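Summary of structural features
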Amino acid sequence: TLSDRLTSVLQNLRGKGRLSDADIDATAREIRVALLEADVALPVVRAFIAKVKERAKGAEVSQALNPAQQVVKIVNEELVAILGGETRRLNLAKNPPTVVMLAGLQGAGKTTLAGKLARWLRAQGHTPLLVACDLQRPNAVTQLQVVGERAGVPVFAPEPGNGVGDPVAVARLGVAEARRAQHDVVVVDTAGRLGVDEEMMRQAVDIRAAVQPDEVLFVVDAMIGQDAVNTATAFRDGVGFTGVVLTKLDGDARGGAALSVREVTGQPILFASNGEKLEDFDVFHPDRMASRILGMGDMLTLIEQAEQAFDAEQAEAAAVKLGSGQLTLEDFLEQMLALRRMGPIANLLGMLPGANQMKDQLANLDEKHLDRVQAIIRGMTPAEREDPKIINASRRLRIANGSGVRVSDVNDLVNRFFEARKMMSQMAGRFGLPGGGGGKN
Ligand code: GDP
Ligand code: MG
């Protein structure tokens, strides 16, 4: 894994205060080799390395993390990003049934996936129907019927006089049957070939045109490595697809195909299969895949803990200052920035227990207002932030002009700040918080 390659480079970084360009280059070299060994396509490797280097070189010295941890964090974040960032959910049709079509080479794991998907969908409260459109291989229909039975999901198969020998007709009839029997999701299993060929593509295109699927899932065997890129490109250009399913991840420790397919086709990976049994299947989680490729689960946990501990320390320091009435506008700005980095403030507050009662206030919480507050504080000199009492009329005018607001806005902020500081200090006194009681006002 990447971690084997990185470990020695990272060891050298531990003692250092700041990342040098030479350190970054050495790290980048190891990442490059590791990714190439994992069969990641060269253009993908190049783009990835460039991103990591750029971020590492521009990174500020972290107070929470040592340089080695900082590099791992960057590599991990870029891996997650390249794998798609967030988990992408299955698109469900507004008017059921949702039609999901499976495409991919023979042996990729489509039929197995159909069973896994059916079982998973059922567990989610859906009522899926499987449709057998692989009429190429003699046993393909029976195979789907077996998986369907295991998953407890019905299978629509061609019958004499009803689509025998014509996969496009079977697909159409299957979707009609789903509509009639009120199945809310239809999974259409199709035929594949050992290699990409025109007839297979044409058949897939015809099925797609006949049933207008909400999702076309390109099923790809993760063990085929570099070849995954060529196959994915051929399917993208030939049939087109809306998402990817990686199979046989149990046989591929390196995850190279995952990285390449996502980056080269631009389509998200929705699911992952990691075994022959129906339950060896899950929604694809970019973050879990990234830490698997990186192979540094423990290190990532440490990084998270270090960052949390650092945040807690800062919060505590701020609380002490708050209680003692020593809070400055600089602290205030820092706290606000920290809060805003965590996402839109209203969302954040909305997650707190009891937030329902605060709904009206939350609705009024205006991000633009916060921007203004931020601009005003930024327009102050360090001395003014440290001791807002020195902000006299002429300073207020200068700050207002400098930050593009009215003098009354500056007055407002300064007055509110004093009020808040007084209130905090009183509260701290009453509740016996650290440093409580005192006050500079
Ligand atoms: P299809 O030709 O695309 O329909 O592929 P199949 O569903 O018939 O699967 C081909 C073979 O791969 C079968 O032997 C499956 O049991 C096996 N298979 C499918 N998915 C997985 C997986 O995630 N892990 C492993 N180890 N085997 C799998
Ligand atoms: Mg099959």
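None of the values given here were measured: they were computed from a predicted structure.

This part is about the overall build of the protein chain. Scanning the protein chain from N- to C-terminus turns up 19 helices and eight strands. Here the protein chain holds 441 residues, and the buried ones make up 39% of them. The contacts of the protein chain with a sequence gap of at least 6 include a subset with a gap of at least 24, amounting to 74%.

By nearness alone, 18 residues border ligand 1, and Gly 109, Lys 110, Thr 111, Thr 112 and Ser 273 come closest of all. It is helix H5 (residues 110-123) that provides the largest number of residues to the shell around ligand 1, a total of three residues. Taken together, the residues of the shell around ligand 1 break down into one nonpolar, twelve polar and five charged.

Residues in a regular strand project their side chains so that they alternate between the two faces of the sheet. A large share of strand S4 (residues 185-189) lies buried, amounting to five of its five residues. Where strand S1 (residues 98-103) lies against S4, four bridges are found, and the strand directions are parallel. Following the sheet pairing, Val 100 is matched in S4 by Val 187. Relative to S4, strand S2 (residues 128-132) runs parallel, the two sharing five bridges. Looking at S4, one finds that Leu 130 is bridged to Val 187.

The next subject is the nonpolar core. By size, the foremost hydrophobic cluster in this structure holds 97 residues, and its most contacted members are Leu 130, Val 131, Val 187, Val 188, Val 220 and Leu 246. Considering every element that reaches this core, the biggest residue donor is helix H4 (residues 67-82), with seven residues. Lining this core are residues from two domains, each supplying at least three of them: domain 1 (2-82) and domain 2 (98-288). By size, the runner-up hydrophobic cluster in this structure holds 13 residues, among which are Leu 327, Ile 391, Ile 399 and Met 424.

Quick look at the environment of Ile 31 now. Secondary-structure assignment places Ile 31 in helix H2 (residues 21-37). C-alpha of Ile 31 to C-alpha of Phe 48: the two residues are 17 residues apart in sequence and 9.3 Å apart in space. Apart from the residues within four sequence positions on either side, Ile 31 is in contact with Leu 2, Ile 49, Val 52 and Val 75.

This brings us to the UniProt feature "domain: SRP54-type proteins GTP-binding" (unreviewed entry) in the protein chain. In this numbering, the UniProt entry assigns the feature "domain: SRP54-type proteins GTP-binding" (unreviewed entry) to residues 268-281. Across residues 268-281 one finds 0% helix and 43% strand; the C-alpha atoms that close the span lie 17 Å apart.

The next subject is the packing of H5 against helix H6 (residues 140-151). Where H5 meets H6, the closest approach of the two axes is 9 Å, and the angle between their N-to-C directions is 25°. Relative to H6, H5 is oriented roughly parallel. Of the two possible hands of crossing, H5 and H6 adopt the one that is right-handed. Along the contact surface, H5 presents Thr 111, Thr 112, Ala 114, Gly 115, Ala 118, Arg 119 and Arg 122, while H6 presents Ala 140, Gln 143, Leu 144, Val 147, Gly 148, Arg 150 and Ala 151.

In terms of residue burial, helix H10 (residues 256-265) counts as a mostly covered element, since eight of its ten residues are buried. Listed as buried for H10 are Gly 256, Ala 257, Ala 258, Leu 259, Ser 260, Val 261, Arg 262 and Thr 265. Phi turns positive one or two residues past the end of H10, at Gly 266, with a value near 75°.

It is worth spelling out the packing of helix H9 (residues 227-238) against H10 at this point. Interaxial distance between H9 and H10 falls to 9 Å at its minimum, and their mutual angle equals 30°. Judged by the twist between their axes, the crossing of H9 over H10 is right-handed. Taking contact as the criterion, the partners of Ala 228, Val 229, Ala 232, Thr 233 and Arg 236 in H9 are, on H10, Ala 257, Ser 260, Val 261, Val 264 and Thr 265. By residue class, the composition of the contact of H9 with H10 is six nonpolar, three polar and one charged.

Most of S1 sits out of view: six of its six residues are buried. The alternating pattern of S1 places Thr 98, Val 100 and Leu 102 on one face and Val 99, Met 101 and Ala 103 on the opposite face, and all of these are buried. Note: S1 against strand S5 (residues 215-221), four bridges, orientation parallel. Pairing of Ala 103 across the sheet is with Phe 218, part of S5.

With that out of the way, let us pick up H9. The first and last C-alpha atoms of H9 sit 16 Å apart over twelve residues, in line with the 16 Å expected at 1.5 Å per residue. Listed in full, the buried residues belonging to H9 are Ala 228, Val 229, Thr 231, Ala 232 and Phe 235. Buried residues in H9 make contact with S1, S5 and H10. Following H9 by one or two positions, Gly 240 adopts a phi angle in the positive range, close to 85°.

A separate point is the sheet that holds strand S7 (residues 269-273). The mixed open sheet is built from eight strands, whose spatial order is S3-S2-S4-S1-S5-S6-S7-S8. Every other strand in the sheet has two partners, leaving strand S3 (155-156) and strand S8 (281-283) as the edge strands with one partner each. Sheet strands touched by H6: S2, S3 and S4. Its angle to S2, the strand with the most contacts, is close to 165°. Sitting on the sheet, helix H7 (residues 167-180) is in contact with S1, S2, S3 and S4, with an inclination near 165° to S2.

Per-residue confidence for the protein chain averages 84 on the pLDDT scale, and 87% of its residues sit at or above 70. For the stretch residues 435-441, pLDDT sits under 50, and the model shows 20 contacts to residues farther than four places along the chain or on other chains. Across the whole predicted complex the pTM is 0.72, and at the interface the ipTM reaches 0.99.

Another point: unusual backbone geometry. Across the junction of Pro 96 and Pro 97, the peptide omega takes the value 5°, indicating a cis bond. Unusually for a residue other than glycine, Asp 39 sits at a positive phi of about 70°. Tracing the backbone shows Asp 39 in the loop between H2 and helix H3 (42-58). The exposure class of Asp 39 is buried, given the 21 C-beta atoms found within 10 Å.

Procedures and definitions
Residues numbered from 1 in each chain as written. Chains lettered and ligands numbered in written order. Predicted model: local features only at pLDDT ≥ 70, side-chain atom pairs only at ≥ 80, totals over all residues. Helix = DSSP H or I, 4+ residues; strand = E, 2+ residues; numbered from the N terminus. Buried ≥ 20, exposed ≤ 12 C-beta atoms within 10 Å, placed from the backbone. Contact = placed C-beta atoms within 7 Å. Near = placed C-beta within 6 Å. Nonpolar A, V, L, I, M, F, W, Y, C, P; charged D, E, K, R; others polar. Pairing = 2+ DSSP bridges. Core = buried A, V, L, I, M, F, W, Y, C linked by C-beta atoms within 7 Å. Domains from an automatic or database assignment. UniProt positions renumbered as here; feature names shortened; annotations may be inferred. Axes fitted to C-alpha atoms, helices over the stretch in contact; angles between N-to-C directions. Parallel < 35°, antiparallel > 145°, perpendicular 65-115°, else oblique. Left-handed = near helix turned anticlockwise from the far one by under 90°. Expected span 1.5 Å × (residues − 1). pLDDT = per-residue confidence, 0-100.

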